[in-house]
Amino acid sequence: MGFLSDTLARVKPSPTIAVSNMAQELKAAGKDIIGLGAGEPDFDTPDNIKTAAKAAIDAGRTKYTAVDGITELKTAISAKFKRDNDLHYTAKQISVATGGKQILFNALMASLNPGDEVIIPAPYWVSYPDMVLLAGGTPVPVVAGIESAFKITPAQLEAAITPRTKWLIFNSPSNPTGAGYSWAELKGLTDVLMRHPHVWIMSDDMYEHLIFDDFKFCSPAQVEPGLYDRTLTCNGVSKAYAMTGWRIGYAGGPVHLIAAMRKVQSQSTSNPCSVSQWAAVEALNGPQEILTANRKLFQNRRDLVVSMLNQALGIDCPRPDGAFYVYPSIKGCIGKTSGAGTLITDDEVFATALLEETGVAVVFGAAFGVSPNFRVSYATSETALQEACKRIQTFCAGLK
Ligand SMILES: Cc1ncc(COP(=O)(O)O)c(C=O)c1O
């Protein structure tokens, strides 16, 4: 009998973190590496938020807090849901955790029994299937490839639902594709769920504020109020306010689910960092100009990356609606041989050869459940992006 748990044996370590680590190691060894793997803004947390955190420390707000968040933060979150999403959640319906990741994990731990199925549209954020596995459930991927703009259809959702389906995890704009569902597209999915009252929806709205052109963000309980009692609306400050290290995520949902999530958290991490909670109060209540400024900045970067990658031979890069990722197809590169003699058989081989031969770190598509693709995070400077895309163009031009 092995020492480690059987459940853990079913789970993979995060491939995106593995790519970032590999890039950092190569950099430390003196190699000229451009990392396009990490999903975090490349700029600092705004000053007003840092000041609020320093004030919290000076005021001695450094003790345990209520397990799932201080009242002031829950009030700020409640106001945010009303302001941005037209959703009404009272303090009792709100949970605060150590990052968006813990919110999702708590919800799955609190609700899944062995054999429960969770529908996950693919390409998906790498953590969803593994979190479901850790919580004892069964992930059910539903694939939406490049030909359907990486969005599942109502018919696909309908076909995936069984009596054991507990959740649909919904993420728009999406990590890794940046694809966003319009109101009408989302209504198509919520109409299906209205016919299946045993299925709940976990909406991961982490990239709500990173949207481009005239795309309008919408959240499931807003589009279909009939789903309000079985929706968990998840969000966080990590991406919108460049606060990945502060670790604050939150959700609004039915009181009994929120209470169950509190129970999970009370026996694992207890409260999220007290100082970070005060910083998040300022992020949500303070000036929101950063959101508009970031949108412009990321839209310019998206345009640059999409245009340059589409000039690379064998690559097809759709133009996403939001987030800070593109998810190009490398179908045209499969079966060719790189300058250094590697036969490109799949996207993992492509990403490894790209890193070794050009120093550009991207994450291979198989990690997100749809191949042959790779994910670029363009949350880095335009200079770095330009240089990285040039290297990708040269690499692709060298494929024979
Ligand atoms: C879709 C999605 N949800 C949730 C998270 C987790 O965010 P946090 O850093 O707040 O845990 C991420 C982070 O990469 C993400 O991409």
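Residues numbered from 1 in each chain as written. Predicted model: local features only at pLDDT ≥ 70, side-chain atom pairs only at ≥ 80, totals over all residues. Heavy atoms only, no water.

Enquirer: Give a description of the sheet that holds strand E2 (residues 94–97) that names residues and reports values.
Expert: With respect to topology, 7 strands assemble into an open sheet ordered E2-E8-E7-E6-E5-E3-E4, the strand pairing being mixed. Of all the strands in the sheet, just E2 and strand E4 (138–143) have a single pairing partner and so form its edges. Taken over all neighbouring pairs, the strand axes of this sheet differ in orientation by 20° on average, direction set aside. As judged from the 6 bridges shared by strand E3 (residues 117–122) and E4, these two strands associate in the parallel manner. Note that in E4 the partner of Ile120 across the bridge is Pro141. (Pairing = 2+ DSSP bridges. Helix = DSSP H or I, 4+ residues; strand = E, 2+ residues; numbered from the N terminus. Axes fitted to C-alpha atoms, helices over the stretch in contact; angles between N-to-C directions.)

Enquirer: Requested: an account of empty space enclosed by the protein, with residues and values cited.
Expert: Evaluated as defined, the whole model comprises 1 cavity of 30 Å³ or more. By volume, the largest cavity is sized at about 140 Å³. Around the largest cavity, the lining comprises 16 residues; the ones closest to its centre are Pro121, Pro123, Tyr124, Asn171 and Ser174. (1 Å grid on protein atoms, 1.4 Å probe; cavity = no way out; pocket = protein on both sides within 12 Å on 5 of 7 lines; lining within 4 Å. Points joined across faces, edges and corners; volume = space filled by probe spheres on them.)

Enquirer: Lay out the nonpolar core with the relevant residues and their values.
Expert: By size, the foremost hydrophobic cluster in this structure holds 79 residues, and its most contacted members are Leu108, Trp167, Met202, Leu232, Leu309, Ile315 and Phe350. Counting residues per element, this core draws most heavily on helix H14 (residues 382–397), which supplies 7 residues. One finds Ala53, Tyr241, Ala279 and Leu291 within the second-largest nonpolar core, a separate group that totals 29 residues. (Core = buried A, V, L, I, M, F, W, Y, C linked by side-chain atoms within 4.5 Å. Buried < 20%, exposed > 50% of the residue type's maximum accessible area, 1.4 Å probe, protein only.)

Enquirer: Provide a residue-level description of helix H5 (residues 99–111), including the pertinent values.
Expert: Taking 1.5 Å of rise per residue, the 13 residues of H5 would be expected to cover 18 Å, and the 19 Å separating its terminal C-alpha atoms lies within 8% of that figure. Regarding H5, the residues found buried are Gly99, Gly100, Gln102, Ile103, Leu104, Asn106, Ala107, Leu108 and Ser111. (Expected span 1.5 Å × (residues − 1).)

Enquirer: Describe the site of the ligand, and please don't skip the residues or the numbers.
Expert: With respect to spatial proximity, 13 residues lie near the ligand, and among them Asp204, Tyr207, Ser238, Lys239 and Arg247 are the closest. Asp204 is positioned such that a nitrogen or oxygen atom in its side chain is 2.5 Å from a nitrogen atom of the ligand. Between the ligand and the protein, one listed contact pairs an oxygen atom with a side-chain N or O atom of Arg247 at 2.7 Å. Relative to its unbound accessible area of 400 Å², the ligand is 92% covered by the protein chains. At a threshold of 2 Å from the grid points, most atoms of the ligand map onto the largest pocket. Looking at the shell around the ligand, the element that brings in the most residues is H5, giving 3 residues. (Near = heavy atom within 4 Å. Polar contact = N/O pair within 3.5 Å; in protein donor to acceptor, adjacent residues only side chain to side chain. Areas by Shrake-Rupley, 256 points an atom, 1.4 Å probe, with all protein chains shown as cover. Sits in = over half its atoms within 2 Å of the grid points.)

Enquirer: Give me the layout of surface pockets: which residues, what numbers.
Expert: Of the voids in this model, the largest pocket is the one considered here, and its volume is about 780 Å³. Along the wall of the largest pocket there are 36 residues; nearest its centre are Ile17, Ala38, Gly39, Glu40 and Lys239. Elements with a minimum of two residues in the lining of the largest pocket: helix H2 (15–28), H5 and helix H6 (127–134). For the lining of the largest pocket, the element with the most residues is H2, which contributes 8 residues.

Enquirer: Describe unusual backbone geometry, naming the residues involved and giving the relevant values.
Expert: Following Ala122, the chain continues into Pro123 via a peptide bond in cis, with omega recorded as 5°. Following the sequence through the fold, Pro123 ends up in the loop between E3 and H6. In the segment running from Ser172 into Pro173, the intervening peptide bond is cis, with an omega of -10°. As for its position among the elements, Pro173 is in the loop between strand E5 (165–171) and helix H8 (183–194). For Asp213, which is not glycine, the phi dihedral falls at a positive 55°.

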